[in-house]
Every structure is written in C-alpha cells, then in structure tokens.
Amino acid sequence: MDTPPTLPSGPTDHPTLEQIAEREKKFLLQTYNRYPVALARGKGVFLWDIEGKRYLDFVSGLGVNALGHAHPRIVKTIRDQAAKLLHVSNLYYHQYQGPLAEKLCTLSGLNRAFFSNSGTEAIEGSIKLARLAGHRAGGEAKCRLVALEGSYHGRTFGALSLTGQDKHRKGFEPMLEGVTFVKQNDIESLRSAVNDDTCAIVLEPIFGEGGIYECTPEFLQECRSLADRHRAALIFDEIQCGLGRIGTLFAFQSFGVTPDIVAVAKPIAAGLPLGAFIAKEEFASAISAGQHGTTFGGGPLACRVALEFLAIVEEEKLLENINRVGAYLHHELEGLLGKYAAATGVRGRGFMQAIQLEIPARPIVDAGLAQGVLFNSTQDTVVRFLPPFLLEEKHVDKGIRVLKKLLGKNVKAAA
Ligand SMILES: *Cc1c(COP(=O)(O)O)cnc(C)c1O
C-alpha cells in the first residue's frame, strides 16, 4: 500500500491544509464533510487560519462560541482553574456546580438542574426523567413521547429517536419505541397525538439544524395545555436557541410558554463541553440517587467558566446587543430578497437567522471562505447565521457585502 511521503511526523511541524486533510482522511472515521480551512486562532468575532488569513465568524462553532474567541475573562478563568482543579467526578463536591445550578434555576424559574457533557446527553437525561415521572403518575403505559417532524435533538439513540428527519435515522433502526411525530404548528395532529400514555412532548421552540423554523405561540400554548391535561412533561430543547441567542436568556421567555424541563448546552461554557437540563420540582422529584449520572458532567472547570459566561452576558449587556444587531441583520437580509432571484426568504430572530435560497447553499458557503467570511449551510438550501453575541453592525455590513457578491451571479433581471 502506498503511504503519502509528505505527512509530517507531529503536530508541531506546521502542516499544510492538504497534509492535515490527508492524515484525517486516512485515520478518522469519515463522518464529517469539512470546509477546506484549518483554523489556528481567534480573537473576538474573527478567526485566523494556519496561513494567517482572517475570517469573520458568523458560525460560532455552531452556536458555541457566543463570547467570540479568546475572551479575556474566559481565558483568565480557564488559566486560573486549570492550575487548581480540572476534574473531581461526581463522587465529591466542588464549589461551582451548586452556584451554577442556582443561577440557571433563578434565571429560568425552574427548580433543579443536572449537568451533562453535551446537548444530546441533556436530551437523554430529560427523557429519562420524563419516563420516571410518567411511570410514577400513570404506570408502565405512560411512556410515550411526542416530537416534531423536521426536528433535531442529537445523535444518540434516545435523541435520534426524537429527531424527525429520515436522513439522520436511516440505517440505525430500530429506534426507541413509542415516539409519535407531529407537524410543527399543526394543532389538530398535536391534539390527536397526545393522550394519557404520553409522558413528554419534546420540541425546539425554533428549529436549528432543521432550517430555522419557529413554533407559533399558539402551538406552544396548546402543547402546554395538553401536557397539563395529561400530566406529561413539556420539554423544550433550547440547546441552540437558548441562553441568549434569540434575545432572551431562555427562548421560552420570548414565547410566553414555560416548559417543565429545558435542555441547554452549546454556548453555556463558552467553548468547553457542558450541557444541562433544568426541571420543575414536580418532575425532578421523580429521580433518586443512582438513577442517572456522568463521570465528566458538571466538573469544576466547565461550571466555573459557565458562571463566568452568564456574568459576562449580563455585565456586557449582550442581550441588548443581540436584539439590536439581530434586528439590523434581519433587515439587511430582507433587503437581499428583492434583489437576488436565488434568495426567497428570511427566518429567525436575534442571532439565530437564516436566508432561504433556491440554489444549493454549500457553494455559497465555500465561496464565502475565499472572501474571508464563515457562513454555515443547513438543509441544503439554507444559509444559517449563528454569530457570536459580540457581533456589531459593521460586521453585519461586511457579511452582507460578501453575500451580495456571492449571490451576484443570480441578480434578478431588472423589471
Ligand atoms: C446541537 C444540538 C443538539 C445536540 O447537541 P450536541 O452538543 O451536539 O450533542 C441537540 N438539539 C439541538 C436543538 C441542537 O442544536
């Protein structure tokens, strides 16, 4: 077998993009279709690749780097904590998990938190809790789950079983039993899907990976009253839309409907892996010692950084920034609709928005790289914007200028 002769011997050898890609192609499970860029460092809303080329970041590592890159307070907190204590396991106390749980409970109005390592795990924990509460309230039969077509909740079997997209599920069947899917905002099919055997309704208030589609307040209210009537848990997956991204700390605060359990993750520890779900006492009380757990989840480093993240969002008034600059982004994106035939709609709010195209989005995103802007595509024809909470109007202007250039070949014929 031929081996590539040019592979460097180690990570300190300053490999080229081609060498990095070649090595990954040989040794990694081929699950990712990466954009052709290798990133080396970041500062604020900008990133630099290994050759020193600068990029404006409209992706935030899929909604994770909400404070941009190398935020001085986050860097300081990580340095300080790394020198003290990284991990203790959940066998012992440390001083940061309780305060973070208290903060999340106070901010959400819910009662108890559990910390995981990822969004998917927060969903897994949420549905395990809903099953326990369901069995307690209605016996063995009260185990069924209702989820939405087109949704995305993660890749493990529980979360995947709630993900309403065949492309993610295909080949992995059988899924978890007892899941019924309903169309987003279809109140009639929701009513026929929820009954006394339902233990939870699980939904994203705004679809993320699914293409930025919002649940209507009426639909969410109906979910709330059906969950109440049948003593089921209403679970909101706010892993992408939560913790500020749409302009309120919890997305449900924008919709006026409070869930029984909310799952969060992506931005919570400013780039470190951490997830959480927060539950009302009525559901939280269904679980007892030994019934759920994790080795890494809720460690001192991630929890302390998450406390710092929440403090920065508050002290730097980032929600105000998201609301103001998000409205500007929306307005500027709408301005493209009349001008470019390929652009047919704008969806979302705050720093979770999308422009719908009639052409494949991936080539637009690839071309954006050459122009020094990171965009993201989802669902083939959607360009999704999940910028850091620090984004300013001038950055929006730059992104829009580049988008215009990229869509330019598709200018609408003058009327
Ligand atoms: C990203 C995401 C998940 C999965 O989170 P991971 O951290 O990738 O496990 C679940 N739900 C939503 C809405 C997400 O955006």
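Just so you know, these numbers come straight off a predicted model, no measurement behind them. (Residues numbered from 1 in each chain as written. Predicted model: local features only at pLDDT ≥ 70, side-chain atom pairs only at ≥ 80, totals over all residues. Heavy atoms only, no water.)

S.K.: Any chance you could explain the overall build of the protein chain here in plain terms?
M.R.: The number of helices and strands found in the protein chain is 15 helices and 15 strands. At 22 Å, the protein chain has a C-alpha radius of gyration in line with the 22 Å of a compact globule built from 415 residues. Each principal axis of the C-alpha atoms in the protein chain carries an extent, and together these give about 60 × 60 × 55 Å. The 415 residues of the protein chain split such that 52% are buried. Contacts spanning at least 24 positions in sequence make up 72% of the contacts within the protein chain whose residues lie at least 6 apart. In the form shown here, the protein chain has an accessible surface area of approximately 19200 Å², with 54% of it arising from carbon and sulfur atoms. Here the protein chain holds 46 positive side-chain charges and 45 negative ones, and the gap between their average locations is 4 Å. (Helix = DSSP H or I, 4+ residues; strand = E, 2+ residues; numbered from the N terminus. Rg over C-alpha atoms; globule rule 2.2 N^0.38 Å. Buried < 20%, exposed > 50% of the residue type's maximum accessible area, 1.4 Å probe, protein only. Contact = heavy atoms within 4.5 Å. Areas by Shrake-Rupley, 256 points an atom, 1.4 Å probe, with all protein chains shown as cover. Lys, Arg positive; Asp, Glu negative; His and termini not counted. Charge placed at Lys NZ, Arg CZ, Asp CG, Glu CD.)

S.K.: Is there a simple way to explain the packing of aromatic side chains in this structure?
M.R.: The relative placement of two aromatic rings is captured by the distance of their centres and the angle of their planes. Taken as a whole, this structure holds six aromatic pairs when the rule is applied. Aromatic pair F58 and F375: ring centres 5.5 Å apart, planes at 35°, arrangement tilted. Here F375 lies in the loop between β13 (373–374) and β14 (376–378) and F58 lies in the loop between β3 (54–57) and α2 (60–63), a separation of 317 residues in the sequence. For the pair F58 and F375, one class covers both residues: buried. The interplanar angle of 80° and the centroid separation of 5.7 Å between the aromatic rings of F375 and F385 together place this pair among those described as edge-to-face. (Phe/Tyr/Trp six-rings, centres within 6.5 Å; stacked < 30°, edge-to-face > 60°.)

S.K.: Where do I start with the sheet that holds β3 in this structure?
M.R.: Backbone hydrogen bonds hold the strands of a sheet together, and the pairing may be parallel or antiparallel. Sheet architecture is open: four strands sit in the order β1-β2-β3-β13, paired in mixed fashion. Each of the sheet's edge strands pairs with one partner strand only, and the pair in question is β1 (39–43) and β13. With three bridges connecting them, strand β2 (residues 46–49) and β3 associate as antiparallel partners. Following the sheet pairing, W48 is matched in β3 by R54. Across the face of the sheet, helix α15 (residues 393–407) comes into contact with β2, β3 and β13 while running at roughly 105° to β3. (Pairing = 2+ DSSP bridges. Axes fitted to C-alpha atoms, helices over the stretch in contact; angles between N-to-C directions.)

S.K.: Would you mind showing me how to read the site of the ligand here?
M.R.: Neighbouring the ligand are the residues S118, G119, T120, Y152, H153, G154, E204, D237, I239, Q240 and K266. T120 places a side-chain nitrogen or oxygen 2.4 Å from an oxygen atom of the ligand. Within the side chain of K266, an N or O atom sits 2.6 Å from an oxygen atom of the ligand. For the ligand, whose accessible area on its own is 380 Å², the fraction buried by protein is 81%. (Near = heavy atom within 4 Å. Polar contact = N/O pair within 3.5 Å; in protein donor to acceptor, adjacent residues only side chain to side chain.)

S.K.: Help me out: how do you make sense of the pairing of strand β7 (residues 198–203) in this one?
M.R.: Two faces belong to every sheet, and in a regular strand the side chains alternate between them. Across the six residues of β7, six count as buried, placing the element largely inside the fold. When β7 meets strand β8 (residues 233–237), the two strands line up parallel, connected through four bridges. Its bridge partner being in β8, L203 is matched across the sheet by F236. Crossover handedness for the path β7 to helix α9 (residues 217–229) to β8: right-handed. (Right-handed = clockwise from strand over helix to strand, strands pointing away.)

S.K.: Sorry, what's going on with the domain arrangement of the protein chain here?
M.R.: How big an interface is tends to be stated in terms of accessible area lost as the parts join. Annotation of the protein chain at the domain level lists domain 1 (17–70 + 317–414) and domain 2 (74–315). Placing a centre on the C-alpha atoms of domain 1 and another on those of domain 2 gives a separation of 27 Å. In total, domain 1 and domain 2 occlude about 2400 Å² of area from one another, counting both sides; carbon and sulfur atoms represent 58% of this. Three residues, L67, R349 and M352, lead the burial of domain 1 against domain 2; their summed loss comes to 29% of the area buried on that side. The interface formed by domain 1 and domain 2 contains one salt bridge. Two residues, R349 and E214, come together in a salt bridge whose shortest N-O distance is 2.8 Å. The tally of links from domain 1 across to domain 2 stands at 16 residue pairs in polar contact (both at pLDDT 80 or more). Across the side of domain 1 that touches domain 2, the residue classes break down as 15 nonpolar, 10 polar and four charged. (Domains from an automatic or database assignment. Buried area = accessible area lost by both parts, 1.4 Å probe. Salt bridge = Lys/Arg side-chain N within 4 Å of Asp/Glu carboxyl O. Nonpolar A, V, L, I, M, F, W, Y, C, P; charged D, E, K, R; others polar.)

S.K.: I keep staring at the sheet that holds strand β11 (residues 343–349) and nothing clicks. Help me out?
M.R.: Across the sheet, four strands lie side by side as β11-β12-β15-β14; this open sheet has antiparallel pairing. Of all strands in the sheet, those bounded by a partner on one side alone are β11 and β14. On average, each strand axis in the sheet is tilted by 25° relative to the strand beside it, whichever way the strands run. The pairing of β11 with strand β12 (residues 352–357) spans six bridges and is classified as antiparallel. For R347, the partnering residue across the bridge sits in β12 and is A354.

S.K.: Sorry, what's going on with the packing of helix α4 (residues 97–108) against helix α12 (residues 300–315) here?
M.R.: Geometry of a packed helix pair, given as the angle between the helix axes and the separation of the axes. Close contact between α4 and α12 brings their axes to 8 Å; oriented N to C, the two are set at 35°. Crossing geometry of α4 relative to α12 is assigned as left-handed. Residues Q97, P99, L100, K103, L104 and L107 of α4 form the contact with α12, whose participating residues are C303, A306, L307, L310 and E314. Here the residues of the contact of α4 with α12 are counted per class, giving eight nonpolar, one polar and two charged. (Left-handed = near helix turned anticlockwise from the far one by under 90°.)

S.K.: What is the right way to read the pattern of salt bridges from this model?
M.R.: Inspection of the entire model under this criterion finds 17 salt bridges. Bridged by salt links that share partners, the residues R224, D228, D260 and K280 form one connected network.

S.K.: What exactly am I supposed to notice about the side chain of T77 here?
M.R.: Topologically, T77 is positioned in helix α3 (residues 72–82). When its relative accessible area of 6% is taken as the criterion, T77 is described as buried. Every residue in contact with T77, bar those within four places of it in the chain, is listed here: R304, V305 and E308.

S.K.: Got a minute to help me understand the nonpolar core in this structure?
M.R.: The nonpolar side chains of soluble globular proteins are, as a tendency, buried together. Residues L104, L203, F250, L333, I355, F375 and F385 are the most contacted members of the largest nonpolar core, which totals 92 residues. In terms of residue count, α12 provides more of this core than any other element does, nine residues in total. Residue contributions to this core reach at least three from each of two domains, namely domain 1 (17–70 + 317–414) and domain 2 (74–315). Other than its neighbours up to four places away in sequence, L333 contacts V346, Q353, I355, F385, I400 and L403. The next biggest cluster of nonpolar side chains, apart from the first, holds 25 residues, and it includes I127, L145, A263 and F277. (Core = buried A, V, L, I, M, F, W, Y, C linked by side-chain atoms within 4.5 Å.)

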